[in-house]
Amino acid sequence: MASPFIEIPVGERLVKVSNPDRVYFPEHGFTKRMVVEYYLAVGDGILRATRNRPTTLERWPSGVFEGARLATRADGRNADAFYQKRVPKGAPDWVATARIDFPSGRSADEVCPTETAVIAWAANLGTLTFHPWPVRADDVDRPDELRIDLDPQPGTGFADAVRVALGPARDLLDELGYTGFVKTSGKNGVHIYVRIEPRWTFTEVRRAALAFGREIERRAPREITTKWWKEERGEQIFVDFNQNARDRTIASAYSVRPVPAATVSAPVTWDELPDVATEDFTIATMPARFAELGDVHAAIDDRAFSLEPLLEMADRDENDHGLGDMPYPPNYPKMEGEPRRVQPSKARRD
């Protein structure tokens, strides 16, 4: 008979794991207990990625079975998985929170990991993917992280995102004097993180990300796009600047992804990037890598950079090239300086 729960010591805490033998990934037989143990094996890394950051929990309490669906705004009640943006009721008193404001004007207290036990506790709730905000709890309105999300569009894939990361993106980082830390998304994309001084608003950081995207698009226009509307992108790598907007988050380093192979978002070095594949990194393979190499992003907090060079680039885009803002996601209120939020094909019909 399966055990109804076990207790796992994590630092000074004792974390209860209910239904530890529940299968979360049927293709490989990975259980909830294995997910919790995975997070403990990479504890220093996942905590470095989430520490003191308001974090949305992507919960799959029944596992990643065939046909399982993540909640959308339209069918949330009928879905098998969901985003937890407010600290769950009954959370232990050692689970810290941070108050954040959504674009809608509403507020919430989100989980704010401060120790590995919080990660294990969240994993027991079915959390597979951790989505930290790019801010710290002591200043939730000024990001300390610039996120470059290289998102393959239909007809392209991981290898194309890697080529963009190693070419135009890395070249521009070097010219700016930035140190970028690269990771797989755990699916098809590539993420590059740059620590920045927490002096700018979400709006300014998003504007800087758009300027970065436009500059590398100019250098490789057949491979890269910053066009927001999917109908305009074609078979290119989309630089998703809107991932730097308030309440937009990216799967953290070491987060498990809800795919049958149980891949994880894997930090890698720039030297490794040409030779890796997304499927190289799973909850079964990452612990041994972490035990051997540690966190290859351990130096990410060593230096924070200024956004001024990118904001100056954004000014030149606007003043010299007539390139202003781009649309925000559909659930955002109309933003100052934003163009019409209408698909180009519909705008032409109108």
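Refer to the structure presented above.
All of these numbers come straight from a predicted model, not from anything done at the bench.

Cut-offs applied
- Residues numbered from 1 in each chain as written.
- Predicted model: local features only at pLDDT ≥ 70, side-chain atom pairs only at ≥ 80, totals over all residues.
- Heavy atoms only, no water.
- Helix = DSSP H or I, 4+ residues; strand = E, 2+ residues; numbered from the N terminus.
- Buried < 20%, exposed > 50% of the residue type's maximum accessible area, 1.4 Å probe, protein only.
- 1 Å grid on protein atoms, 1.4 Å probe; cavity = no way out; pocket = protein on both sides within 12 Å on 5 of 7 lines; lining within 4 Å.
- Points joined across faces, edges and corners; volume = space filled by probe spheres on them.
- Nonpolar A, V, L, I, M, F, W, Y, C, P; charged D, E, K, R; others polar.
- Domains from an automatic or database assignment.
- Contact = heavy atoms within 4.5 Å.
- Axes fitted to C-alpha atoms, helices over the stretch in contact; angles between N-to-C directions.
- Parallel < 35°, antiparallel > 145°, perpendicular 65-115°, else oblique.
- Left-handed = near helix turned anticlockwise from the far one by under 90°.
- Core = buried A, V, L, I, M, F, W, Y, C linked by side-chain atoms within 4.5 Å.

Draft legend 1. The arrangement of unusual backbone geometry in detail. In this structure, Tyr-254 takes a positive phi of about 75° despite not being glycine. Within the secondary structure, Tyr-254 sits in the loop between β14 (237–239) and β15 (267–268). Positive phi values are uncommon outside glycine, yet Ala-262 reaches one of about 55°. Considering the arrangement of structural elements, one finds Ala-262 in the loop between β14 and β15. For Ala-262, a relative accessible area of 0% puts it in the buried group.

Draft legend 2. View of empty space enclosed by the protein. Under the defined criterion, the tally for this structure stands at 1 cavity of 30 Å³ or more. Approximately 130 Å³ is the volume attributed to the largest cavity. Taken together, 16 residues line the largest cavity, and the ones lying closest to its centre are Ala-49, Tyr-193, Arg-195, Ala-253 and Ile-300. Take the lining of the largest cavity: its biggest share by element is 3 residues, from helix α2 (residues 43–50). Here the lining of the largest cavity is composed, by residue class, of 7 nonpolar, 3 polar and 6 charged. When we break the lining of the largest cavity down by domain, the ones giving at least three residues each are domain 1 (7–140 + 251–256) and domain 2 (145–248 + 303–321).

Draft legend 3. Representation of the layout of surface pockets. One number sums up the size of the largest pocket: a volume of about 1700 Å³. Lining of the largest pocket is provided by 44 residues; of these, Leu-70, Tyr-83, Lys-85, Asp-247 and Arg-248 occupy positions nearest its centre. When residues of the lining of the largest pocket are traced back to their parent elements, those giving at least two are β5 (55–59), β6 (82–84) and β10 (145–152). The biggest single contributor to the lining of the largest pocket is β10, with 4 residues. Grouping the amino acids of the lining of the largest pocket by side-chain chemistry returns 16 nonpolar, 14 polar and 14 charged. There are two domains that each give the lining of the largest pocket at least three residues, and those are domain 1 (7–140 + 251–256) and domain 2 (145–248 + 303–321). The set of elements that each furnish at least two residues to the lining of the second largest pocket consists of α5 (202–219) and α7 (308–321). The leading source of residues in the lining of the second largest pocket is α5, at 6 residues.

Draft legend 4. Expanded view of the environment of Tyr-39. Structurally, Tyr-39 is set in helix α1 (residues 32–41). When its relative accessible area of 0% is taken as the criterion, Tyr-39 is described as buried. For the pair Tyr-39 and Ser-255, spaced 216 residues apart in the sequence, the C-alpha separation amounts to 8.4 Å. When sequence neighbours within four positions are dropped, the list of residues in contact with Tyr-39 reads Ile-46, Ile-119, Ala-123, Thr-127, Leu-128, Thr-129, Phe-130, Tyr-254, Ser-255 and Val-256.

Draft legend 5. Geometry of the packing of α5 against α7. Between α5 and α7, whose axes approach to 8 Å, the crossing angle comes to 65°. Here α5 lies roughly perpendicular to α7, going by the angle between them. As α5 runs across α7, the sense of the crossing is left-handed. Where α5 abuts α7, its residues Glu-204, Arg-207, Ala-208, Ala-211, Phe-212, Arg-214, Glu-215 and Arg-218 lie against Leu-310, Leu-311, Met-313, Ala-314, Asp-315, Asp-317, Glu-318 and His-321. Looking at the contact of α5 with α7 residue by residue, the class counts come to 7 nonpolar, 1 polar and 8 charged.

Draft legend 6. Geometry of the nonpolar core. One finds Tyr-39, Leu-150 and Leu-307 to be the most contacted residues of the largest nonpolar core, which totals 87 residues. Residue contributions to this core peak at 9 residues, all from helix α4 (residues 158–176). Here this core gathers at least three residues from each of two domains, domain 1 (7–140 + 251–256) and domain 2 (145–248 + 303–321). Among the nonpolar cores identified, the runner-up in size contains 7 residues, and Ala-108, Trp-133, Val-135 and Val-140 belong to it.

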